[in-house]
Amino acid sequence: MPNPAPPLPEAKAPDIALSEFFDGHPVATFAIDRAHVITHWNKACEHLLGWARSDMVGTSNQGLAFYARKRPMLSDLIVAGDADALERHRRSAVIPGAYEAEDFFPNIGAGGHWLHFTAAPLRDVDGVVVGAIESMRDVTERRVAENALRRAHDNLEHLVEKRTFELAEANALLEEDIRRRRAADAELRQRNLELTELNAKLSVTQQQLVQSDKLASIGQLAAGVAHEINNPIGYIFSNFGSLQSYLGQLFTMLDAYQKAEAGAAPEVAAELGAMREAIDLDFLRQDIPNLMRESKEGIVRVRHIVQDLKDFSRTDGNQEWVWANLHTGIDSTLNIVANEVRYKADVVKHYGAIPEIECLPSQINQVVMNLVVNAAHAMGEQRGAITVSTGGGADPSEVWIEVADNGSGIAPANLSRIFDPFFTTKLGFGGSGLGLNITYNIVTQLLGGQIRVESVLGKGTAFILDLPLVVPAADPAA
Ligand SMILES: Nc1ncnc2c1ncn2[C@@H]1O[C@H](COP(=O)(O)OP(=O)(O)OP(=O)(O)O)[C@@H](O)[C@H]1O
Ligand SMILES: [Mg+2]
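Only a predicted model underlies this, so the values are computations on that prediction, with no experimental measurement involved.

Before we go on, may I ask you to explain the overall build of the protein chain in this structure?
The helix and strand tally for the protein chain stands at 14 helices and 13 strands. The C-alpha atoms of the protein chain give a radius of gyration of 64 Å, which is well past the 23 Å a tight globule of 478 residues would have. Each of the three principal axes of the protein chain carries a C-alpha extent, and together these read 210 × 40 × 40 Å. Scored against the burial criterion, the 478 residues of the protein chain give a buried share of 32%. Across the protein chain, 43 positive and 62 negative side-chain charges occur, with their mean positions spaced 5 Å apart.

What exactly am I supposed to notice about the sheet that holds strand 10 (residues 384–392) here?
The strands making up a sheet are joined through hydrogen bonds of the backbone, oriented either antiparallel or parallel. One open sheet holds the five strands; their spatial order is 8-10-11-13-12, and the pairing between them is mixed. At either end of the open sheet lies a strand with only one pairing partner, and these are strand 8 (345–350) and strand 12 (450–456). Put simply, the sheet's adjacent strands are angled 15 degrees from each other on average, direction ignored. By the bridge criterion, seven bridges tie strand 10 to strand 11 (residues 398–405) in an arrangement that is antiparallel. Opposite Thr390, over in strand 11, you have Ile401 as the bridge partner. Contacts between helix 12 (residues 361–377) and the sheet are confined to strand 10, strand 11 and strand 13 (460–468), with strand 13 contributing the most and set at about 170 degrees to the helix.

When you look at the site of ligand 1 in this model, what are you seeing that I'm missing?
In the vicinity of ligand 1 there are 20 residues, among which Thr424, Thr425, Lys426, Ser432 and Leu436 approach most closely. Protein contacts shield 90% of the accessible area of ligand 1, which totals 600 Å² for the unbound molecule. Those elements that place two or more of their residues in the shell around ligand 1 are helix 12, helix 14 (435–446) and strand 13. Of the residues assigned to the shell around ligand 1, the class counts are eight nonpolar, ten polar and two charged.

I'm lost on helix 8 (residues 266–279) in this one. Help?
Helical periodicity: at 3.6 residues per turn, an α-helix aligns residues three or four positions apart in one direction. With 14 residues, helix 8 extends 20 Å between its outermost C-alpha atoms, agreeing within 8% with the 20 Å of an ideal straight helix rising 1.5 Å per residue. In the stretch just after helix 8, Asp280 is the one whose phi turns positive, near 55 degrees.

Please clarify how the environment of Arg71 should be interpreted in this entry.
Locating Arg71 in the fold gives a position in the loop between helix 4 (62–67) and helix 5 (74–80). Judged by relative accessible area, Arg71 falls into the partly exposed class, the value being 34%. On a C-alpha basis, the gap between Arg71 and Ser60 in space is 9.7 Å, while along the polypeptide they are eleven residues apart. Not counting residues up to four positions away in its chain, the partners in contact with Arg71 are Gly63 and Asp76.

How should the packing of aromatic side chains be read in this particular structure?
The description of an aromatic ring pair rests on the distance of the ring centres and on the angle between the ring planes. Taken as a whole and assessed by the stated rule, the structure comprises nine aromatic pairs. Aromatic pair Phe104 and Trp114: ring centres 5.4 Å apart, planes at 50 degrees, arrangement tilted. Taken together, the residues Phe104 in strand 4 (residues 99–105) and Trp114 in strand 5 (residues 113–123) connect sequence positions ten residues apart. Aromatic pair Phe419 and Phe463: ring centres 6.3 Å apart, planes at 85 degrees, arrangement edge-to-face. Residue Phe419 is found in the loop between helix 13 (412–415) and helix 14, and its partner Phe463 is found in strand 13; the two are separated by 44 residues along the sequence. The pair Phe419 / Phe463 is uniform in exposure class, with both members buried. Ring pairs connect the aromatic residues Phe30, Trp41, Phe66, Tyr67, Phe105 and Phe117, which therefore count as one cluster. The ring of Trp114 has Arg143 sitting right over it, with the charged end atom 3.7 Å from the ring centre. A cation sits over an aromatic face here: Arg303 above Phe237, 4.3 Å from the ring centre.

The rules behind each value
- Residues numbered from 1 in each chain as written.
- Chains lettered and ligands numbered in written order.
- Predicted model: local features only at pLDDT ≥ 70, side-chain atom pairs only at ≥ 80, totals over all residues.
- Heavy atoms only, no water.
- Helix = DSSP H or I, 4+ residues; strand = E, 2+ residues; numbered from the N terminus.
- Rg over C-alpha atoms; globule rule 2.2 N^0.38 Å.
- Buried < 20%, exposed > 50% of the residue type's maximum accessible area, 1.4 Å probe, protein only.
- Lys, Arg positive; Asp, Glu negative; His and termini not counted.
- Charge placed at Lys NZ, Arg CZ, Asp CG, Glu CD.
- Pairing = 2+ DSSP bridges.
- Axes fitted to C-alpha atoms, helices over the stretch in contact; angles between N-to-C directions.
- Contact = heavy atoms within 4.5 Å.
- Near = heavy atom within 4 Å.
- Areas by Shrake-Rupley, 256 points an atom, 1.4 Å probe, with all protein chains shown as cover.
- Nonpolar A, V, L, I, M, F, W, Y, C, P; charged D, E, K, R; others polar.
- Expected span 1.5 Å × (residues − 1).
- Phe/Tyr/Trp six-rings, centres within 6.5 Å; stacked < 30°, edge-to-face > 60°.
- Lys NZ or Arg CZ within 6 Å of the ring centre and 35° of its normal.

Printed below as a string of structure tokens:
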């Protein structure tokens, strides 16, 4: 026991009345003097701890009653003034200088007891500690209930923890499921998008095919008709030559007859004169050469048209890659579309010296036709001009063709859309909006070239094609 207080020469005994009150008090209480000797040990104390007052008073065995060995109690610490040890206990909230403690004592009672101690100093008139009083309450029931409550609480917490864990697991599974569903959903949407895109492409390709097919059939028909007309025109033309020379001979013969007429019998001469007048021979002699010349011109024109038709459709070449003179193709195309252009614009040609290029002539013709017809359509009330120019590129492996007009021009907002399939401003006027799209595909994909457009609204438009002399080898991946 640290720093025990020096024993008083004689401990002061509490008075009798206090002693009786003490003894009868229902709370187990004992008191010690400044020498740690028990001065009081009441009945409740005897009852709770099973130690008789006679065995305890006058001894310092208070520790034995609780711990089965000598050990300082809270009251001993107060008497000894052991501040360090006291600090480890709770100060009483109501009694100044008093301390409280609670502990389990397995040796007390059948199954042990929980006791709550309150120890307070006893002071003399000068305030000097002369002893201490310590009371104890049996709090076993409360502690048992508290323990049960704690266990129930622990159980509940464990259950909650378990449930929380299960819930978190279920949640994680659900989240994974949602994530998978979202991914599947996104993939489905992506597939759908691709499918829609593919569908749109398919529809465009189908329309382009229909259009190309239509153009090819028209080309074939034109080529067939041209071929059929070509033969009769051939022999009409050659017969015409013979006819002209025969007529010359006949007129010479007629001259000879007319001269011989003077020596004929008068009735024969009169009959011949009447006949000459009836058929107006002089007029015939004047008119027949005119008719022959005009007819020959007509036949020559038909021959040209037939030749242009054949050139334009090029079925003789049957879509084969050949080295061709662009100017021949452009000329025949201009003749073919002459009717479309004639009443709207004059066609001006500025051909440069360009080499032949490797191409599909019918496709070049198709391109020029689309551009020239568009230019003609762009003309307003006033007659305009369509200029077709060609030249060698700055790059010697290229040539260019330009189709320019002084028509309506293209609105800037439309400029980026004119090559899109089905874009047309000629709705209701028979425009399909595929002309420039097909042109673009032929130039860029088939011929390996480029197409540019320059346009000023209200002033005119120019389409410029840059074409390589030799078509680049096709990319097998394309
Ligand atoms: N030279 C031009 N001047 C003004 N606008 C033009 C010219 N060329 C094309 N365009 C515009 O571009 C649009 C698309 O042309 P595209 O040739 O593709 O179709 P389209 O001429 O309308 O129909 P089609 O399929 O019968 O050719 C035209 O409708 C027109 O508005
Ligand atoms: Mg067009």
